[in-house]
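Below, each chain spelled out in residue letters.
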Amino acid sequence: MLETYRPQWRDFLAISGLTRRAGCSESSLALVAVKEMVDNALDASPTGIGAGVQGRTVTVYDNGPGLSREQVLNIFAVNRPTLSSKRWRLARRGALGNGVRVILGVVHVSGGSLRISSRGTFYDIAVDPTSGETILLAEGPSETSTGLQVEITFGAGVGFDRAEIEDHLLFCQVAPGSAYGGKKAVPDWFSAETIADLMRDAMPGASALEFARSFDITAHGMEQIKALTARQAVGDLLSEPDRLSTYVDAIKGNAAPPRSLRKVGRGALPDGKYTSVQGTFAHDGVRLPFIVEVWALGRPVLNRKSTGRVDLEVVLVNRTPALMTELAGFAADLLPFWLPP
């Protein structure tokens, strides 16, 4: 039987569970929701996004492909199966793996509202707290014909520091850029065992051919996989060890020409200081590349030379502003110089 992992979606509809899932304090819930909106938008639109605040309403829009009505209702849901997006090891900004659920949860616990606009239509959605199902409250024509616009009005149930959110959005405007030249998974970043794990995560009934298209492989490789699997479901291969091995070998043996991670560079924050670390590490039987880039604005304290401390105003890690205060110390350790006054 195909195994899927379904999260405890009720955690996202209560403050205590939501803060645990989001990894933040109650006072930071609105800011974390905004960060998730921005991260998703920048992944869809690496060349840049738009954002604004009016009252307690935050709007973020991108220039990506947008979403259909079906995609909106499937993606913006707290009770959909988790497809273990972290396992796909894509070069993207998001880190929680629960970003959309956090957004929906914050809207729910705050008593706010959420509007998604794309392809000429808006969708006002909410969550049914008894079933976790997405409720479509209203839909109608929208001026958003390209990309995706997400508009959250935060209710009184969570704190909302407008100045803090505006500062976050301001620094996000200097964070465009894609870290990787492709949108698909790189076969060399996965062992045979981790590919099988991804297959177990697949939606019930997903075809083996569609699953293979998630990887950056050659046209010849796709033809080979098409001949091998016909219309077979990816879950069926898990019970056939020999065919499973042949299928995985076809994915790993037909990788497209390799692409490398690339830096955004120091120009993302011209007035600040910049450093980066780049390399590879062994994990699950393969070697994975990494880049950690840090941009910082701040000023040295009076005893900087004796304590090695610096007051940081903002820290950008891997293209978006970090929310965790612990990262300030990490960034100061990486920056072996005085920050400008």
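Use the structure listed above.
A short tour of the structure in this document, coming up. Every chain begins its residue count from 1, and numbering advances along the sequence as written. Local features are withheld for residues below a pLDDT of 70 in this predicted model, meaning they are given only at 70 or higher, and side-chain atom pairs are given and counted only at 80 or more; totals for whole chains, interfaces and linings count all residues. Excluded from the side-chain calculation are hydrogens and water; included are all heavy atoms of the structure.

1. Brief notes about the overall build of the protein chain
A tally of helices and strands in the protein chain yields 12 helices and 10 strands. In this analysis, two residues are considered to be in contact whenever any of their non-hydrogen atoms come within 4.5 Å of each other. Excluding contacts between residues fewer than 6 apart, the proportion of contacts in the protein chain whose partners are at least 24 apart in sequence is 67%. For the protein chain, the exposed area adds up to about 17000 Å²; of that, 52% sits on carbon and sulfur atoms. Working definition: helices are DSSP H or I runs of at least four residues, strands are E runs of at least two. Numbering for both runs from the N terminus. For every accessible area listed, the method is Shrake-Rupley and the probe measures 1.4 Å; residues are considered covered only by the protein chains on display.

2. Overview of the nonpolar core
Soluble globular proteins tend to bury their nonpolar side chains together. Here the nonpolar core consists of buried residues drawn from Ala, Val, Leu, Ile, Met, Phe, Trp, Tyr and Cys, with membership extended through side-chain atoms lying within 4.5 Å. Partly exposed describes any residue whose relative accessible area lies between the buried limit of under 20% and the exposed limit of over 50%, with all areas from a 1.4 Å probe on protein chains only and scaled to the type maximum. Counting residues in hydrophobic clusters, the biggest one holds 45 residues, and the most contacted among them are Val58, Phe76, Leu114, Phe154 and Ile165. Mapped onto this core, the elements with two or more residues apiece are α1 (15-22), α2 (29-44), β2 (57-61), α4 (99-110), β3 (113-118), β4 (121-127), β6 (148-153) and α5 (162-172). Sorting elements by how many residues they give to this core places α2 first, with 10 residues. Not counting the four nearest positions on each side in its chain, Phe154 is found in contact with Ala30, Ala33, Val34, Arg56, Val58, Val106, Ser110, Gly112 and Phe160. Val186, Phe190, Tyr247 and Ile291 belong to the second largest nonpolar core, which has 28 residues in total.

3. Observations regarding the pattern of salt bridges
We count a salt bridge whenever a side-chain nitrogen from Lys or Arg sits within 4 Å of a carboxyl oxygen from Asp or Glu. Applying the stated criterion to the full structure yields 8 salt bridges. Among the ionic pairs, Arg69 bridges to Glu139, the shortest N-O distance being 2.9 Å. A residue pair is termed long-range when its members are at least 10 positions apart, and Arg69 in helix α3 (residues 69-75) and Glu139 in strand β5 (residues 134-141) qualify at 70 residues. Looking at Glu139, the relative accessible area reads 39%, which means it is partly exposed.

4. Comments concerning the packing of aromatic side chains
We call Phe, Tyr and Trp rings a pair once their centres come within 6.5 Å, taking the six-membered ring for Trp, and we label the pair stacked below 30 degrees between planes, edge-to-face above 60, and tilted otherwise. Overall, the coordinates contain 4 aromatic pairs when judged by the stated rule. A ring pair is formed by Phe211 and Phe215, whose centres lie 5.7 Å apart and whose planes are at 65 degrees; its orientation type is edge-to-face. Here Phe211 matches Phe215 in class, with each residue buried. Each residue in the set Phe190, Phe211, Phe215 and Tyr247 is aromatic and connected to the rest through ring pairs, giving one cluster. Above the face of the Phe122 ring, Arg115 is positioned so that its terminal group lies 3.8 Å from the ring centre. Whether a charge lies above a ring is judged from NZ of Lys or CZ of Arg, which has to be within 6 Å of the ring centre and within 35 degrees of the ring normal.

5. Some words on the pairing of β5
Here β4 runs beside β5; their pairing, made up of 7 bridges, is antiparallel. Considered in β5, the bridge of Ile125 is made with Leu136. What sits between β4 and β5 in their antiparallel hairpin is a turn of 6 residues, with Gly132 showing a positive phi close to 80 degrees. For two strands to pair, DSSP has to find at least two bridges joining them.

6. A look at unusual backbone geometry
Positive phi values are uncommon outside glycine, yet Arg119 reaches one of about 50 degrees. Overall, the relative accessible area of 45% leaves Arg119 in the partly exposed class.

7. Focus: the environment of Ala185
The topology assignment puts Ala185 in the loop between α5 and α6 (192-201). Along the sequence, Ala185 and Arg213 sit 28 residues apart, while their C-alpha atoms lie 9.2 Å from each other. The contact partners of Ala185, leaving out residues within four places of it in the chain, are Trp88, Leu90, Phe190, Ser214, Phe215 and Asp216.

8. So, the side chain of Thr194
Here Thr194 shows up in helix α6. Thr194 gets classed as buried once you look at its relative accessible area, which sits at 10%. Among the polar contacts made by the side chain of Thr194, one reaches the main-chain amide nitrogen of Ser191 at a distance of 2.8 Å. Setting aside chain neighbours within four positions, we find Thr194 in contact with Arg89 and Asp284. N or O atoms within 3.5 Å of each other form a polar contact, as long as, within protein, one can give a hydrogen and the other can take it, and as long as residues adjacent in sequence are counted only when both atoms are side-chain atoms.

9. Here we look at the environment of Val34
The residue Val34 is located in helix α2 in this model. With relative accessibility at 0%, the residue Val34 sits in the buried group. Along the chain, Val34 and Ile103 lie 69 residues apart, while their C-alpha atoms are 7.9 Å from each other. Once you skip the residues sitting within four places of it in the chain, Val34 turns out to touch Val58, Phe154, Ile165, His168 and Leu169.

10. What about α1?
Residues spaced three or four apart along an α-helix point in a common direction, a consequence of the helix completing one turn every 3.6 residues. Buried within α1 we find Gly17, Leu18, Thr19 and Ala22. Here the buried face of α1 lies against α2 and α4. Looking at the residues trailing α1, positive phi occurs at Gly23, about 70 degrees.

11. Some details on α5
The set of residues buried in α5 consists of Ile165, His168, Leu169, Phe171 and Cys172. Seen end-on, α5 carries its buried residues on one side only, within an arc spanning 165 degrees. The residue sitting at the N-terminus of α5 and contributing the capping side-chain oxygen is Asp161; that oxygen lies 3.3 Å from the backbone nitrogen of Ala163. Note that the arc is defined by the directions from the helix axis to the C-beta atoms.

12. Section: the environment of Ser245
Take Ser245: it is sitting in helix α10 (residues 241-252). Sequence spacing of Ser245 and Ala196 is 49 residues, and the spatial spacing of their C-alpha atoms is 9.4 Å.

13. Some words on the sheet that holds β2
Within the open sheet, the 6 strands sit side by side as β1-β2-β6-β3-β4-β5. Their pairing is antiparallel. Looking at strand neighbours, the two that pair on one side only are β1 (50-54) and β5, the edges of this open sheet. Neighbour-to-neighbour, the strand axes of the sheet open up by a mean angle of 15 degrees, direction not taken into account. For β1 and β2, the ladder comprises 5 bridges, and the chain directions are antiparallel. Counterpart to Gly50 in the pairing with β2 is Tyr61. Its contacts with the sheet put α2 on β2 and β6, and the angle it makes with β2 is roughly 15 degrees. Orientation is described by axes fitted as lines to C-alpha atoms, over the contacting stretch for helices, and by angles from 0 to 180 degrees between their N-to-C directions.

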